[in-house]
Amino acid sequence: MHELPVTEEIVRIATEHAGAKRIIAIHLVIGELTSFIDDAIQFYFDLIAPDTPAEGATLHFRRVAVRFRCRNCATEFEPVNHDWHCPACEALGGEVIAGKEFHVESIEVDV
Ligand SMILES: [Zn+2]
């Protein structure tokens, strides 16, 4: 499962930013084009977080929808029902302008 290394990274980043403070919550942004599964990240987090400042922190997931910019006519669109055709000119797919995100948006620490 590729969620393990990314979850380790999440804990590392959060711990680094928290300093010695206890982490209450971690807000994550995950694009729909990534294959990361919330439950799997939560699962690994529960394994990794104990004995770190992130122990007991709540994970919040914000999903970002996929967005394309058509290579043919530059229309920006969100695919509906996995139909990746441009609604304006019917060209397939295009440049991905959103949906590949994966990062820690913010953390909340105990003050
Ligand atoms: Zn188009």
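For the structure, check the block above.
Given the structure is predicted, the values throughout are model-derived calculations rather than measurements. (Residues numbered from 1 in each chain as written. Predicted model: local features only at pLDDT ≥ 70, side-chain atom pairs only at ≥ 80, totals over all residues. Heavy atoms only, no water.)

Colleague: Can you break down the coordination of the zinc ion residue by residue, with the values?
Modeller: Looking at the zinc ion, one finds its protein donor set to be Cys70 (SG), Cys73 (SG), Cys86 (SG) and Cys89 (SG), positioned 2.3 Å from the metal centre. Coordination at the zinc ion is tetrahedral: its four donor atoms span angles of 103 to 116° at the metal. Spacing between the donor residues of the zinc ion along their common chain follows C-x2-C-x12-C-x2-C. Here Cys73 is found in the loop between strand E3 (67–69) and strand E4 (76–77), whereas its partner Cys89 is found in the loop between E4 and strand E5 (95–98), with 16 residues between them in sequence. (Donors = N, O, S within 2.8 Å, 3.2 Å for Na, K, Ca; no water. Tetrahedral: all angles 85-135°; square planar, octahedral: opposite > 155°, others 65-115°. Helix = DSSP H or I, 4+ residues; strand = E, 2+ residues; numbered from the N terminus.)

Colleague: Any details on the packing of aromatic side chains? Residues and values, ideally.
Modeller: A full pass over the atoms with the stated rule returns four aromatic pairs. An angle of 55° between the planes, with centres 5.0 Å apart, marks the rings of Phe68 and Trp84 as tilted. Of this pair, Phe68 sits in strand E3 while Trp84 sits in the loop between E4 and E5, placing them 16 residues apart in sequence. When its relative accessible area of 2% is taken as the criterion, Phe68 is described as buried. Assessed through its relative accessible area of 35%, Trp84 is described here as partly exposed. (Phe/Tyr/Trp six-rings, centres within 6.5 Å; stacked < 30°, edge-to-face > 60°. Buried < 20%, exposed > 50% of the residue type's maximum accessible area, 1.4 Å probe, protein only.)

Colleague: Report on the environment of His27, specifying residues and quantitative values.
Modeller: Among the secondary structure elements, His27 is positioned in strand E1 (residues 23–31). Placed 78 residues apart in sequence, His27 and Glu105 show a C-alpha to C-alpha distance of 5.4 Å. Discounting residues that sit within four places of it in the chain, His27 has contacts with His60, His103, Val104, Glu105, Ser106 and Glu108. Among the polar contacts listed, one links the side chain of His27 to the side chain of Glu108, at a separation of 2.6 Å. (Contact = heavy atoms within 4.5 Å. Polar contact = N/O pair within 3.5 Å; in protein donor to acceptor, adjacent residues only side chain to side chain.)

Remember that the coordinates give geometry; whether it matters functionally is a separate question.
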